[in-house]
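# Structural overview for review
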Amino acid sequence: MMDWKGFRQTLLGRIGELGKLSPDSVGGYLMASGAGAKTGHLDEKTRQLISLAVAVTTRCDGCISVHSQKAVESGATKEEIAEALGVAIAMNAGAALVYSARALDAVDSVA
């Protein structure tokens, strides 16, 4: 198993270093990531469950680490997290299905 706590600490430290070197880049990310919370249409737990599912579909270990912690801290249960992950699995399978159809199109264009 991965040491997620250690990974998260190291990652956030490195992002802090990047923020010192390129404050506008990191600041722009922080602004974009906090924008949804300002509307108040979704609660923090829902935002974190969505973020975690998207993190899985984009295969981002850093995002998985951070949003797993935030989901739990915002009150998400393991069962709710598992359901959100089920959505991510379905989306990845759906994307593979759609791109398989595209691959068949590409094959047909050769024939």
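Check the entry above for the structure.
As the structure is a prediction and not an experimental result, all values here were calculated from the model.

### Section: the overall build of the protein chain
- Of regular secondary structure, the protein chain possesses 5 helices and 0 strands.
- Helices (α) and strands (β) of the protein chain occur, in sequence order from the N terminus, as α-α-α-α-α.
- Relative to its length of 111 residues, the protein chain is extended, with a C-alpha radius of gyration of 18 Å against a globular reference of 13 Å.
- Here the protein chain, with 111 residues, has 18% of them falling under the buried criterion.

### Things to note about the pattern of salt bridges
- One pass over the full model with this rule turns up 3 salt bridges.
- E17 serves as the salt-bridge partner of R14, at 2.9 Å between the closest nitrogen and oxygen. Of this pair, R14 and E17 both sit in helix α1 (residues 4-21), separated by 3 residues, roughly a single helical turn.
- Overall, the relative accessible area of 54% leaves R14 in the exposed class.
- With a shortest N-O distance of 2.9 Å, E80 and K45 are connected by a salt bridge. Linking E80 in helix α5 (residues 78-110) with K45 in helix α3 (residues 44-58), this pair joins segments that are 35 residues apart in sequence.
- With relative accessibility at 27%, the residue E80 sits in the partly exposed group.
- In this structure K45 comes out as partly exposed when scored by relative accessible area, which is 23%.

### A closer look at the packing of aromatic side chains
- Under the criterion given, the structure shown has 1 aromatic pair.
- Relative to F7, the ring of W4 lies with its centre 6.1 Å away and its plane at 90°, an arrangement referred to as edge-to-face. Taken as a pair, W4 and F7 lie in helix α1 at a separation of 3 residues, close to a single helical turn.
- When its relative accessible area of 29% is taken as the criterion, W4 is described as partly exposed.

### Some points on the nonpolar core
- Core analysis: the biggest nonpolar cluster contains 8 residues, these being L49, L52, A55, I64, A71, A76, I81 and A84.
- Breaking this core down by element, the ones donating at least two residues are α3, α4 (61-73) and α5.
- The element best represented in this core is α3, accounting for 3 residues.
- When sequence neighbours within four positions are dropped, the list of residues in contact with L52 reads I64, H67, S68, I81 and L85.

### Points about the environment of A53
- The residue A53 is located in helix α3 in this model.
- Sequence-wise, A53 and L21 are 32 residues apart; in three dimensions their C-alpha atoms are separated by 30 Å.

### Structural notes on the layout of surface pockets
- In this structure, the largest pocket spans a volume of roughly 640 Å³.
- Taken together, 23 residues line the largest pocket, and the ones lying closest to its centre are Y29, S33, V66, H67 and K70.
- Contributing elements (two or more residues each) for the lining of the largest pocket: α1, α2 (23-39), α3 and α4.

Reading guide: rules and limits
- Residues numbered from 1 in each chain as written.
- Predicted model: local features only at pLDDT ≥ 70, side-chain atom pairs only at ≥ 80, totals over all residues.
- Heavy atoms only, no water.
- Helix = DSSP H or I, 4+ residues; strand = E, 2+ residues; numbered from the N terminus.
- Rg over C-alpha atoms; globule rule 2.2 N^0.38 Å.
- Buried < 20%, exposed > 50% of the residue type's maximum accessible area, 1.4 Å probe, protein only.
- Salt bridge = Lys/Arg side-chain N within 4 Å of Asp/Glu carboxyl O.
- Phe/Tyr/Trp six-rings, centres within 6.5 Å; stacked < 30°, edge-to-face > 60°.
- Core = buried A, V, L, I, M, F, W, Y, C linked by side-chain atoms within 4.5 Å.
- Contact = heavy atoms within 4.5 Å.
- 1 Å grid on protein atoms, 1.4 Å probe; cavity = no way out; pocket = protein on both sides within 12 Å on 5 of 7 lines; lining within 4 Å.
- Points joined across faces, edges and corners; volume = space filled by probe spheres on them.

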